[in-house]
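Results of the structural survey
The lines below spell out each chain.
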Amino acid sequence: MDIVEKYKEYRKIQVGLHNKILEKCVSKKDFKESTKRLGIYKNNVMVLESVYEKDVIFDYNTYENIKNGKNSVSAFIELGEETTPQEAELLAAMQEATTSLYEVIECQKENGIILLKDLMGDSDVIFKVIDIGLSETLNENFLLFTRLVHLDDFSMTTGLCFIFSINHKQYLLKRSRRLMKKINSGDSSLDRFIAFFHLNRSDGEPMKFNEIK
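Here goes a summary of the coordinates provided. Being a predicted model, the structure only gives us computed values, none of them experimental. (Residues numbered from 1 in each chain as written. Predicted model: local features only at pLDDT ≥ 70, side-chain atom pairs only at ≥ 80, totals over all residues. Heavy atoms only, no water.)

**Describing the pattern of salt bridges**
Side chains that carry opposite charge are capable of pairing whenever their charged atoms lie near each other. As a reminder of what qualifies: By definition here, a salt bridge exists when the distance from a side-chain nitrogen of Lys or Arg to a carboxyl oxygen of Asp or Glu is within 4 Å. Starting at the N terminus, helices and strands are each numbered in turn, a helix being any DSSP run of H or I of at least four residues and a strand any DSSP run of E of at least two. Note on classification: 1.4 Å probe, protein chains only; a residue is buried when its accessible area is under 20% of the maximum for its type, exposed when over 50%, partly exposed between these limits.
For the structure shown, the criterion picks out 13 salt bridges. Here Lys20 makes a salt bridge to Glu87, at a shortest N to O gap of 3.6 Å. Note that Lys20 is positioned in helix 1 (residues 3–25) and Glu87 in helix 5 (residues 85–95), a separation of 67 residues in sequence. Under the relative-accessibility criterion, Lys20 is labelled partly exposed at 33%. For Glu87, a relative accessible area of 14% puts it in the buried group. Two residues, Arg201 and Glu53, come together in a salt bridge whose shortest N-O distance is 2.8 Å.

**Comments concerning the packing of aromatic side chains**
Inclusion rule: For this analysis, a ring pair means two rings from Phe, Tyr or Trp (six-membered ring only for Trp) whose centres lie within 6.5 Å, classed as stacked if their planes differ by under 30 degrees, edge-to-face if by over 60, and tilted for the remaining angles. The rule for a charge over a ring is simple: NZ of Lys or CZ of Arg within 6 Å of the ring centre, and within 35 degrees of the ring normal.
Taken as a whole and assessed by the stated rule, the structure comprises seven aromatic pairs. Ring geometry for Tyr60 and Phe193: centres 5.4 Å apart, planes at 70°, overall edge-to-face. Of this pair, Tyr60 sits in helix 3 (residues 52–63) while Phe193 sits in helix 8 (residues 188–203), and the two are 133 residues apart along the sequence. Phe193 shares its class with Tyr60; the two are buried. Seen from their ring centres, Tyr102 and Phe127 are 6.0 Å apart, and the 90° between their planes marks the pair as edge-to-face. Of the two residues, Tyr102 is situated in strand 3 (residues 98–108) and Phe127 in strand 5 (residues 126–130); the sequence distance between them amounts to 25 residues. Within the aromatic cluster, the residues linked to one another by ring pairs are Phe145, Phe162, Phe164 and Phe196. The residue whose ring lies beneath Lys6 is Tyr10, and the NZ or CZ to ring-centre distance is 5.5 Å.

**Topic: the environment of Ile130**
Our working definition: Throughout, a residue-residue contact means that at least one pair of heavy atoms, one from each residue, lies within 4.5 Å.
As for its position among the elements, Ile130 is in strand 5. A residue is classified by how much of its surface remains accessible, and Ile130, at 0% relative accessible area, is buried. Each C-alpha atom of the pair Ile130 and Met156 lies 5.6 Å from the other, and the pair is 26 residues apart in sequence. Sequence-distant contacts of Ile130, that is, excluding residues within four places in its chain, are made with Ile3, Tyr7, Asn111, Gly112, Ile113, Phe154, Ser155 and Met156.

**Some remarks on unusual backbone geometry**
In this model, Asn44 sits at a positive phi of 65°, which is unusual for a non-glycine residue. Its place among the elements puts Asn44 in the loop between strand 1 (41–42) and strand 2 (45–46). Look at Asn44 and you get exposed, because its relative accessible area is 65%.

**A look at the pairing of strand 7 (residues 155–165)**
The criterion, for reference: A strand pair is defined by DSSP finding two or more bridges across the two strands.
Counting buried residues in strand 7 gives ten out of eleven residues, a clear majority hidden from the surface. One ladder, built from eight bridges, connects strand 6 (residues 142–150) with strand 7; its direction is antiparallel. Directly across from Thr146, in strand 7, lies its bridge partner Cys161.

**Thoughts on the side chain of Ser100**
As a reminder of what qualifies: For the purposes of these results, a polar contact is taken to be a pair of N or O atoms within 3.5 Å, where, inside protein, one atom must be able to donate a hydrogen and its partner to accept one; residues adjacent in sequence count only when each atom of the pair is a side-chain atom.
Within the secondary structure, Ser100 is located in strand 3. Using a relative accessible area of 4% as the deciding quantity, one classes Ser100 as buried. Within the structure, Ser100 has its side chain in polar contact with the side chain of Asp118 (distance 2.4 Å). When sequence neighbours within four positions are dropped, the list of residues in contact with Ser100 reads Asp118, Met120, Gly121, Leu144, Phe145, Thr146 and Arg192.

Have a look at this one:
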């Protein structure tokens, strides 16, 4: 199996796992509390600026450590449900997935590969990410805030993607630090997520997603 076919297989498995995790480990109360934490629950109404923001809230509830210091991926693993070897491998990687702001170094549209440099962590590491839809959207003029799942051969996103202009790099790094300091929840990952959620609203670039076939 070549790397693109493996990506397509694992992406479909990931979508299925997301659905199971949300069904079994995320309650209506969790969802409501997350919208309050993001500052988009006002007058008993969730106020979204796009349909995609609902998927962003799902990512928050799946991957952020909001369950006594654990995330919903961990909670699902602890249920002990039977999984395939591919599901078990992916769940282990999903459990450790984190967000950051990345600079797009190169897009190889012919094979869906994107090379990303971490701007908030170890900048010496270049991540090879496979995402067919994103590779057709991005180029070296963009920054990407996303959550990466690292497998042996490649990395993939969780589906969370905020795109910004490369021209805003210094502003985003400086502004995100200020916002995170202001939020100060005690969890830097959570602070980062909330900061970039609002930065995407104010400074993000529009994007579209292609269905995986």
